[in-house]
Amino acid sequence: MTSTHATPASDHAHSLEPVPPGARSSTALHQFWIWAGANIAPINWVLGALGIKLGLSLTDTLLVLVAGNVLGMSVFGLFVLMGQKTGVTQMVLARSAFGRRGAYLPAALQGVMSAGWCAVNTWIVLDLVMALLGQLGVHGGGTALKIVVVLVIMGLQVGIAASGFKAIASFEKWTVPITLVVLAAMTAVAWTKTGVHWDFPGAHLGGKDRISAMTTVMTAIGVGWGITWFAYASDYSRFVPQSVSRRKLYWSSVLGQFVPVVWLGALGASLATVSQSTDPGKLIVDSFGALAIPVLLLVVHGPIATNILNVYSCSLAAQTVDWNVSRRAVSYGVGIFAAAFTILLVFQEDFAHTLDAWLAGLVTWVVPWAAVMAVHFYVVKRQNVDIEALYDPPGSSRLGDFRWDAVVSFLLGALATWTFQYGVPVALQGPGAKALGGIDLSWLAGVIVAGGLYLVLSRRRADALVPVRSTS
Ligand SMILES: Nc1ccnc(=O)[nH]1
């Protein structure tokens, strides 16, 4: 066996092994750019428009957007810190709570989610790319042209992700500053030339209807958006040395997410008050045609910048379920799956409803998984997980194959989340939420049931392991 010291630093970028101190060269600022780059994408302005499309006033939409993301992103920072503390990916860390094979469950869900995001992020920009191409004189083509655009974007993002970490980092370094300038110009045009209705009343919802719509939107765009990133956090922060201040790492990661999500969400929501049927980017191009080419570049850049993270984390998830395929093969596999899924989405009529269904569906598993992980790492283990034991082979792991306290808490937590969910599709409307008159408390119910139950069950396990206690 070769010793860890003999392994070249770059190999750690792609393996599940803990990143040794000498190979950790990321900084708090890098982490800021990774998360900001992932969120400077049109999907975030579509997200803001979702509130308006579901009937909320502009004020209520902004309220939900800010409150939800303060909550979601402040917890996101805690998941970032897990990676710095251990040097381990998010799904390998899940073995500590769920067991060596028990962690297959969240890792498989994470694999499917990240591949699915690739499709959703690509699909969301298609209409806009068509409109911008139209502005530039490329007309017609319809669905066939859309499919060509899907294949081009998918090819680019999978190509970059498959080439590896260096390609990802240089791509973000060169493109993100330019997209920021375009975005600033877009925002200036949007807020001065398009006639935003700042007092937009929405569907004049009142009383329970208003609370119902607000809580549904809260689950999707307020909390849902941020928490779906929890499952990725440590995959990137494991490269940050322990010498970097935790406070600095926490705030740079949290703000890297929060600033673009809320900025773009507010841009999308305010533009949706001008026209709910037109994509915000198209509105801006209509008001200020000279921006067509830079906006087109921004729009195509969006899914690429986000999806290179999705493809990379998907390949780590595949390794975590002991699937012995190369990272490159996984990247191409994700590309093929995501291209097919995107083409399927092209035939979906309703943007807002499809997006809500996707986000609300993800909340049902991410919330209970995150609650178990947070309790496990910060309360039960007090940040000291046995890192070596995470790498024991299945069947003879010191952790055990299945840790039932975590698995049961997770499953019941998922059930509780669904029970109190009031998503747009009927399948995501649980009996608890219906009994409350359409109020969606899904994420709260999931946190309380999964987190609370795990706290109790893991305590019982600790008691069972140590029958004679010297201290009380
Ligand atoms: N909210 C998101 C989480 C993970 N991946 C994405 O593309 N988006």
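Provided above is the structure to which this section pertains.
Residues numbered from 1 in each chain as written. Predicted model: local features only at pLDDT ≥ 70, side-chain atom pairs only at ≥ 80, totals over all residues. Heavy atoms only, no water.

Asker: Just to check I follow, could you spell out the overall build of the chain for this structure?
Answerer: Assigned secondary structure in the chain consists of 18 helices and zero strands. Taking 472 residues into account, the globule formula puts the C-alpha radius of gyration at 23 Å, and the chain, at 22 Å, falls close to it. Within the chain, contacts between residues separated by at least 24 positions form 86% of all contacts whose residues are at least 6 apart in sequence. Total accessible area on the chain is roughly 18,800 Å²; 67% of this is exposed by carbon and sulfur atoms. Taking the average location of the 28 positive side-chain charges in the chain and that of its 21 negative ones, the two points are 8 Å from each other. (Helix = DSSP H or I, 4+ residues; strand = E, 2+ residues; numbered from the N terminus. Rg over C-alpha atoms; globule rule 2.2 N^0.38 Å. Contact = heavy atoms within 4.5 Å. Areas by Shrake-Rupley, 256 points an atom, 1.4 Å probe, with all protein chains shown as cover. Lys, Arg positive; Asp, Glu negative; His and termini not counted. Charge placed at Lys NZ, Arg CZ, Asp CG, Glu CD.)

Asker: What is the right way to look at the site of the ligand in this model?
Answerer: In the neighbourhood of the ligand, the contacting residues comprise Trp117, Asn121, Trp225, Thr228, Trp229, Tyr232, Thr306 and Asn310. Contact distances for the ligand include 3.2 Å between a nitrogen atom and a side-chain N or O atom of threonine 228. Interatomic distance of 2.9 Å between a side-chain N/O atom of asparagine 310 and an oxygen atom of the ligand. Protein burial of the ligand: of its 240 Å² of free accessible surface, 100% is covered by the chains. (Near = heavy atom within 4 Å. Polar contact = N/O pair within 3.5 Å; in protein donor to acceptor, adjacent residues only side chain to side chain.)

Asker: Any chance you could explain the environment of glycine 432 here in plain terms?
Answerer: You can see glycine 432 is positioned in helix H17 (residues 431-435). Its relative accessible area of 12% is what places glycine 432 among the buried residues. Each residue touching glycine 432, except ones within four places of it in the same chain, is listed here: Thr419 and Phe420. (Buried < 20%, exposed > 50% of the residue type's maximum accessible area, 1.4 Å probe, protein only.)

Asker: So what exactly am I meant to see when it comes to the side chain of threonine 61 here?
Answerer: Along the chain, threonine 61 turns up in helix H3 (residues 58-86). By relative accessible area, which is 0% here, threonine 61 ends up buried. A polar contact of 2.8 Å, which involves the side chain of threonine 61, links it to the backbone oxygen of serine 57. In contact with threonine 61, other than residues within four places in its own chain, are Gly48, Gly51, Ile52, Leu56 and Ala269.

Asker: What am I meant to see in the pattern of salt bridges here?
Answerer: Following the criterion strictly, the structure yields four salt bridges and no others. Here arginine 100 ties to aspartate 322 by a salt bridge, and the two come within 2.9 Å at their closest N and O atoms. Of this pair, arginine 100 sits in the loop between helix H4 (90-98) and helix H5 (104-124) while aspartate 322 sits in the loop between helix H13 (292-320) and helix H14 (327-346), and the two are 222 residues apart along the sequence. Aspartate 322 sits in the partly exposed class, given a relative accessible area of 34%. (Salt bridge = Lys/Arg side-chain N within 4 Å of Asp/Glu carboxyl O.)

Asker: Looking at this structure, how should I read unusual backbone geometry?
Answerer: Across residues other than glycine, the phi torsion is negative in most instances, and most of the peptide bonds are trans. You will see that histidine 204, though not glycine, has its phi angle at about 55°, which is positive. In this model, glutamine 383 sits at a positive phi of 70°, which is unusual for a non-glycine residue. Within the element layout of this structure, glutamine 383 appears in the loop between helix H15 (351-380) and helix H16 (404-419).

Asker: Would you take a moment to explain the state of the cysteines for this structure?
Answerer: Covalently bonding the sulfur atom of one cysteine to the sulfur atom of another cysteine gives a disulfide. A full pass over the atoms with the stated rule returns zero disulfides. Of the cysteine sulfurs around cysteine 118, a residue in no disulfide, the closest is that of cysteine 314, at 7.3 Å. Judged by relative accessible area, cysteine 118 falls into the buried class, the value being 0%. On the accessibility criterion, cysteine 314 (7% relative accessible area) is buried. (Disulfide = S-S within 2.5 Å.)

Asker: What's the story with the packing of helix H2 (residues 43-53) against H15 in this structure? I'm lost.
Answerer: Each packed pair of helices is defined by two parameters, the angle between the axes and the distance between the axes. For the pair H2 and H15, the least separation of the axes is 10 Å and the interaxial angle reads 105°. Our classification of the angle between H2 and H15 gives roughly perpendicular. Facing Ile43, Val46, Leu47, Leu50 and Lys53 of H2, the residues of H15 in contact are Phe351, Ala352, Leu355 and Leu359. (Axes fitted to C-alpha atoms, helices over the stretch in contact; angles between N-to-C directions. Parallel < 35°, antiparallel > 145°, perpendicular 65-115°, else oblique.)

Asker: Just to check I follow, could you spell out helix H1 (residues 28-39) for this structure?
Answerer: Residues spaced three or four apart along an α-helix point in a common direction, a consequence of the helix completing one turn every 3.6 residues. With 12 residues, H1 ought to run about 16 Å at 1.5 Å a step, and its terminal C-alpha atoms sit 17 Å apart, in line with that. All buried positions along H1 are accounted for by Ala28, Gln31, Ile34, Trp35, Ala36, Gly37, Ala38 and Asn39. (Expected span 1.5 Å × (residues − 1).)

Asker: Before we go on, may I ask you to explain H5 in this structure?
Answerer: End to end, H5 covers 30 Å across 21 residues, agreeing with the expected 30 Å (1.5 Å per residue, within 8%). Of all the 21 residues making up H5, 16 are buried; the element is thus mostly covered by neighbouring parts of the structure.

Asker: In this structure, what is going on with the nonpolar core? I would like to understand it.
Answerer: Nonpolar side chains tend to gather and get buried jointly when the protein is soluble and globular. Of all hydrophobic cores here, the largest spans 137 residues; its most connected members are Phe98, Trp117, Trp225, Trp365 and Trp369. Looking at which element gives the most residues to this core, the answer is H15, with 17 residues. Not counting the four nearest positions on each side in its chain, tryptophan 117 is found in contact with Ile43, Trp225, Thr228, Tyr232, Asn307, Asn310, Trp358, Leu359 and Leu362. In terms of nonpolar packing, the next biggest core, distinct from the first, is built from six residues, Ala49, Ile52, Leu58 and Ala272 among them. (Core = buried A, V, L, I, M, F, W, Y, C linked by side-chain atoms within 4.5 Å.)

Asker: Is there a simple way to explain the side chain of asparagine 44 in this structure?
Answerer: Examined against the element boundaries, asparagine 44 turns out to sit in helix H2. The exposure class assigned to asparagine 44 is buried, which follows from its relative accessible area of 0%. Contact partners of asparagine 44, with chain neighbours within four places excluded, come to Asn39, Trp225, Val261, Leu264 and Gly265.

Asker: Even after reading the chapter, I still don't get the packing of aromatic side chains, so can you show me in this structure?
Answerer: Here a ring pair, both rings aromatic, is described through the centre-centre distance and the interplanar angle of the planes. If you walk through the whole model with that rule in mind, you get 19 aromatic pairs. With centroids separated by 5.4 Å and ring planes inclined at 80°, the aromatic side chains of phenylalanine 32 and tryptophan 33 adopt a geometry described as edge-to-face. Among the residues examined, tryptophan 33 registers a relative accessible area of 33% and is labelled partly exposed. Relative to tryptophan 358, the ring of phenylalanine 341 lies with its centre 6.4 Å away and its plane at 65°, an arrangement referred to as edge-to-face. Of the two residues, phenylalanine 341 sits in helix H14 while tryptophan 358 sits in helix H15, which places them 17 residues apart along the sequence. Three or more aromatic residues joined by ring pairs form one cluster here, namely Trp35, Phe76, Phe79, Trp229, Phe230, Tyr232, Tyr236, Tyr312, Trp365 and Trp369. (Phe/Tyr/Trp six-rings, centres within 6.5 Å; stacked < 30°, edge-to-face > 60°.)

Asker: Please explain a nonpolar patch on the surface as it appears in this structure.
Answerer: A grouping of Phe402, Trp404, Val408, Leu412, Leu415, Trp418 and Val449 is seen on the molecular surface, where their side chains present a nonpolar patch of about 630 Å² in accessible area. Residue contributions to the nonpolar patch peak at five residues, all from H16. Inspection of the secondary structure assignment puts tryptophan 404 in helix H16. The class of tryptophan 404 is exposed, set by a relative accessible area of 53%. (Patch = residues over 30% accessible without salt bridge, like charges linked within 9 Å, V, L, I, M, F, W, Y side chains within 5 Å.)

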